[in-house]
Amino acid sequence: MDQIRIENLEVYAHHGVLKEENTLGQKFLVSLILFTDTAKAGRSDNLSFSVDYADVAHFAERQMKEKEYKLIESAAENLAEQILLQFPLIDMISVEIRKPWAPILLPLDHVSVKIQRGWTRVYLSVGSNMGDKEENIEKAVQALREDRRIRKVTESTRIQTKPYGYTEQDDFLNSAVALETIYQPEELLMRLHQIEEQGHREREIHWGPRTIDLDILLYGDALIQTEKLVIPHREMHLRDFVLRPLVQIAPWAVHPVFHKTIYELYQEKGGQDS
């Protein structure tokens, strides 16, 4: 991906653990790498198709001065997120904050923190089999659309399916959702749980009835296995109610374990072309 670089922007701010750092302030050097597609701007010579690095630099200076942090890790995290939210043409950003006057009583050039954040393509499975199923799903998808850390939300058509696992319950209404987010995986999981709670989700029976269910299927090409979260979803390749709506909006997305497209997995499961 193309890059626009801002190197060693000098900002005088009041970040630090020590009281003197908060009171007196000190110099910080901020370096940014903006990952964006510059082809259209390059061919047209039109700034509106690119990221104005002067705007980014002034915005970064304001963000560094607006709030005081004990840790430059926090300053970097906030700066990365605010730039991504403010400048939609930036797909990913690298932020390095250098602290040349770090009070450690040893000779050094600087201490720094460097992070990389960006918008990641994510696919979700959505389901409901209690109450007004259409309304339950509509409200959940709308909550995703209204979240400032989520963008480009696309939903498949909604399909009626038989229950999976525990069969003594009503049929489900299912769909798939594609989106981009700057939430980290476990942050996104927490946000989805919040949306479920707002929809009065109860977790009483495994595979049991629920007003709303939101599952992360794919998060970029990430492979995650923790007590709280497994990505890709363990059984997505076995479930018709997952693959059938997902193939509508992401046929060429690749499963990072099987290295097959969603279309291929759907065909292997016995899916039919519409």
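In the block above lies the structure referred to throughout.
Colleague: Sorry, what's going on with the overall build of the chain here?
Modeller: A tally of regular secondary structure across the chain gives eight helices and 11 strands. With the C-alpha coordinates of the chain rotated into their principal frame, the extents come out at 70 × 50 × 30 Å. Burial analysis of the chain (274 residues in total) assigns 48% to the buried set. Accessible area of the chain: about 15200 Å², with a carbon and sulfur share of 50%. In the chain, 33 side chains carry a positive charge and 44 a negative one; their mean positions are 1 Å apart.

Colleague: What's the story with the pairing of strand β9 (residues 213-219) in this structure? I'm lost.
Modeller: The side chains of a regular strand alternate between the sheet's two faces. Burial of β9 is extensive: six of the seven residues sit out of reach of the surface. Bridge analysis of strand β5 (residues 120-128) against β9 gives six bridges, and the strand direction is antiparallel. Its bridge partner being in β9, serine 125 is matched across the sheet by aspartate 215.

Colleague: Teacher, can you tell me more about the nonpolar core here?
Modeller: Across soluble globular proteins, nonpolar side chains have a tendency to be buried as a group. Within the largest apolar cluster, 31 residues are counted, with the highest numbers of intra-cluster contacts made by Leu32, Val56, Ile83, Ile90, Ile93, Val95 and Ile97. Among the secondary structure elements, those contributing two or more residues to this core are β1 (3-13), β2 (26-35), α3 (53-66), α4 (72-86), β3 (92-99) and β4 (111-118). Per-element accounting of this core gives the leading share, seven residues, to α4. Ignoring sequence-local partners within four residues, the contact set of isoleucine 97 consists of Phe28, Leu29, Val30, Met64, Ile72, Ala75, Ala76, Val111, Ser112 and Val113.

Colleague: I keep staring at the sheet that holds β4 and nothing clicks. Help me out?
Modeller: Strands belonging to one sheet form pairs held by backbone hydrogen bonds; the direction of such a pair is parallel or antiparallel. The strand order across the open sheet formed by four strands is β1-β2-β3-β4, and the pairing between neighbours is antiparallel. Whereas interior strands pair on both sides, the edge strands pair on one side only; in this sheet they are β1 and β4. Strand-to-strand twist across the sheet, computed as the mean angle between neighbouring axes with direction ignored, equals 15 degrees.

Parameters at a glance
Residues numbered from 1 in each chain as written. Predicted model: local features only at pLDDT ≥ 70, side-chain atom pairs only at ≥ 80, totals over all residues. Heavy atoms only, no water. Helix = DSSP H or I, 4+ residues; strand = E, 2+ residues; numbered from the N terminus. Buried < 20%, exposed > 50% of the residue type's maximum accessible area, 1.4 Å probe, protein only. Areas by Shrake-Rupley, 256 points an atom, 1.4 Å probe, with all protein chains shown as cover. Lys, Arg positive; Asp, Glu negative; His and termini not counted. Charge placed at Lys NZ, Arg CZ, Asp CG, Glu CD. Pairing = 2+ DSSP bridges. Core = buried A, V, L, I, M, F, W, Y, C linked by side-chain atoms within 4.5 Å. Contact = heavy atoms within 4.5 Å. Axes fitted to C-alpha atoms, helices over the stretch in contact; angles between N-to-C directions.

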